[in-house]
Structures are given as structure tokens and as C-alpha cells.
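Commentary on secondary and tertiary structure
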Amino acid sequence: MLLDPVRRLAAVTAVNIDGALLRDLPRTGEWRLDERAPAEEQTGPAVYAGNDLDRGHLVRRRDPGWGEVAEAGAASRATFFYPNAAPQAADFNQSKELWLGLEDHVLAYAEATDQRLSVFTAPVLADADPPYRGIRIPLRFWKIAAWHAADGLAAAGFVLDQSDLVDVRETTLAIPPLGSFRTFQVPIADVAALTGIDLGPLVDADALGARGARDSGWRALESSGDIVL
């Protein structure tokens, strides 16, 4: 994980997943500050109190939970450090279910060729993000999954947009009763441009480019069947 101390949120998180060794572990973690970083550089419990914001896991709880039981359990509990959370609107709808299930879908695809998976996830830390309780609420999140395909490195990039669900005015937060998250598959080059992060060989390994789909730009996803892998 790379923590942005000014924004007090993660700039990048990363996890390796071995689907063949995943454990079905109970949820046992409790959210806590990470003692390895100063408290003032983390977005802690005060931001999430008394509102409709979720502590949105960046590295999902189950993703590092593979291998020996004790090691898997410790890795799963480690996802409950606050730097691994980012504020997300609490409404749970079809498009957010799709976002949360992207790793599962890509992992199933990778498992068909007995491959492991690496996933990178973070908020887009934009200057225009609205202020709230001493931080800025990210309006978009990005995710890249990478795996070894039959012909080499392959990757897919995604963006979740919650702009329509977050309305911040001064110190209050309003979540509209109607609206939805929007989930897109996007060129990995666009993720690099949005974040300013050097994504190295992942740009050239983009499944959209490999399939000649880059000209279509951002692909709005309604179901996992819309994903290009």
C-alpha cells in the first residue's frame, strides 16, 4: 500500500490472490488505525460516524485469505486497517455488486488457465473531490486486475463512479434516495492519466487493446458479461 499523507487515503493498494488456495474464513476483523503511520495521516472513524458512508475496503477482506489457515486469517484481518478503507456511499445496488464482484469474475477467468491474480485498487485522488470533515471524498475509484494469460501478461482496468451518490455541503453529507454507482471498463492508459501513477507494463497488457476495443473508450458495464478479458 502507498498512503497519500495529504489526502489521508491510499494512493495505491495491491494484493496477490491464489484462487486455488483461498479459504472461506469468517469475518473477524475490526477497523483500527495503522500504528505504522501517524494517525493524522489516516482517515479514521470520525469521518464515517453518523452518516451514510461505508468504510469501503480497497483490498477486499477475502482476497489475501489464502494459504495456511493461520496465515490466511492474519492476512484477512489486516485488511481492516483504516488506510485500506475509503469513503463510499452506502447504497448497495446492482452496479456496486458488479464492482465488488470484479475480482471474482476475473479470477474465474484466470483459473480457467490455472493462473494467479494481482489486483491494484485505490480512489482517484482528484483536486475537485468535495471537502468533508477535514478530508476530500473521492468520487471515483479504480481497479486493475493482472494475470498471466497463455500468451503472456494480461490486465483489465475498471473505474467506479459515485459522483451521483455523494452530495457534500459544508459539513453535511446527503445521499440521494435514487441513483446508482456507475461501473466502467476503461483503458489502463486512462487510469494512469487519471492518477498520475506509472503503471508500467500493465498499459501494454490491456485486454481492451489486445481485443482492438480501445477505440470504444470507456465501456459502461451492466453485468459481468460486458467485461472484455
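Computed from a prediction, not measured in an experiment: that's the story for all the values here.

**With respect to the packing of aromatic side chains**
For the structure on display, the rule yields 4 aromatic pairs. Consider the rings of tryptophan 31 and phenylalanine 80, whose centres lie 5.2 Å apart with planes at 65 degrees: the pair is edge-to-face. A residue pair is termed long-range when its members are at least 10 positions apart, and tryptophan 31 in the loop between β2 (9-17) and β3 (53-57) and phenylalanine 80 in the loop between α1 (69-77) and β4 (85-89) qualify at 49 residues. In terms of burial, tryptophan 31 and phenylalanine 80 fall into one category: buried. Taking 5.7 Å as the distance between ring centres and 35 degrees as the angle between the ring planes, the aromatic pair formed by tryptophan 31 and tyrosine 82 counts as tilted. In this pair, tryptophan 31 sits in the loop between β2 and β3 while tyrosine 82 sits in the loop between α1 and β4, placing the two residues 51 residues apart along the sequence. You can call tryptophan 31 buried: its relative accessible area is 19%. Given the relative accessible area of 4%, tyrosine 82 is considered buried. Put simply, the rings of Trp31, Tyr48, Phe80 and Tyr82 touch in pairs and so form one group of aromatic residues. The positively charged end of arginine 32 is found above the aromatic ring belonging to phenylalanine 81, 4.2 Å away from the centroid. The cationic tip of arginine 36 hangs over the ring face of phenylalanine 81; the distance from NZ or CZ to the ring centre is 5.4 Å.

**Description of the sheet that holds strand β12 (residues 182-186)**
Read from one edge to the other, the open sheet built from 7 strands follows the order β1-β2-β5-β8-β9-β12-β13, with strand pairing classed as antiparallel. The open sheet has two edge strands with one neighbour each: β1 (2-4) and β13 (219-220). Taken together, the 5 bridges between strand β9 (residues 152-161) and β12 define a ladder with antiparallel strand orientation. Across the sheet, residue glycine 157 finds its bridge partner in β12, namely valine 186.

**Quick look at the pattern of salt bridges**
Within the structure shown, the criterion is met by 9 salt bridges. Note that aspartate 34 and arginine 36 form a salt bridge whose closest N and O atoms lie 2.7 Å from each other. Between lysine 143 and glutamate 103 there is a salt bridge, with the nearest N and O atoms lying 3.3 Å from each other. Taken together, the residues lysine 143 in strand β8 (residues 140-149) and glutamate 103 in helix α3 (residues 102-111) connect sequence positions 40 residues apart. Glutamate 103 shares its class with lysine 143; the two are buried. One salt-bridge network, held together by shared partners, links Arg60, Arg62, Asp63, Glu103, Asp104 and Lys143.

Rules used throughout
- Residues numbered from 1 in each chain as written.
- Predicted model: local features only at pLDDT ≥ 70, side-chain atom pairs only at ≥ 80, totals over all residues.
- Heavy atoms only, no water.
- Phe/Tyr/Trp six-rings, centres within 6.5 Å; stacked < 30°, edge-to-face > 60°.
- Helix = DSSP H or I, 4+ residues; strand = E, 2+ residues; numbered from the N terminus.
- Buried < 20%, exposed > 50% of the residue type's maximum accessible area, 1.4 Å probe, protein only.
- Lys NZ or Arg CZ within 6 Å of the ring centre and 35° of its normal.
- Pairing = 2+ DSSP bridges.
- Salt bridge = Lys/Arg side-chain N within 4 Å of Asp/Glu carboxyl O.

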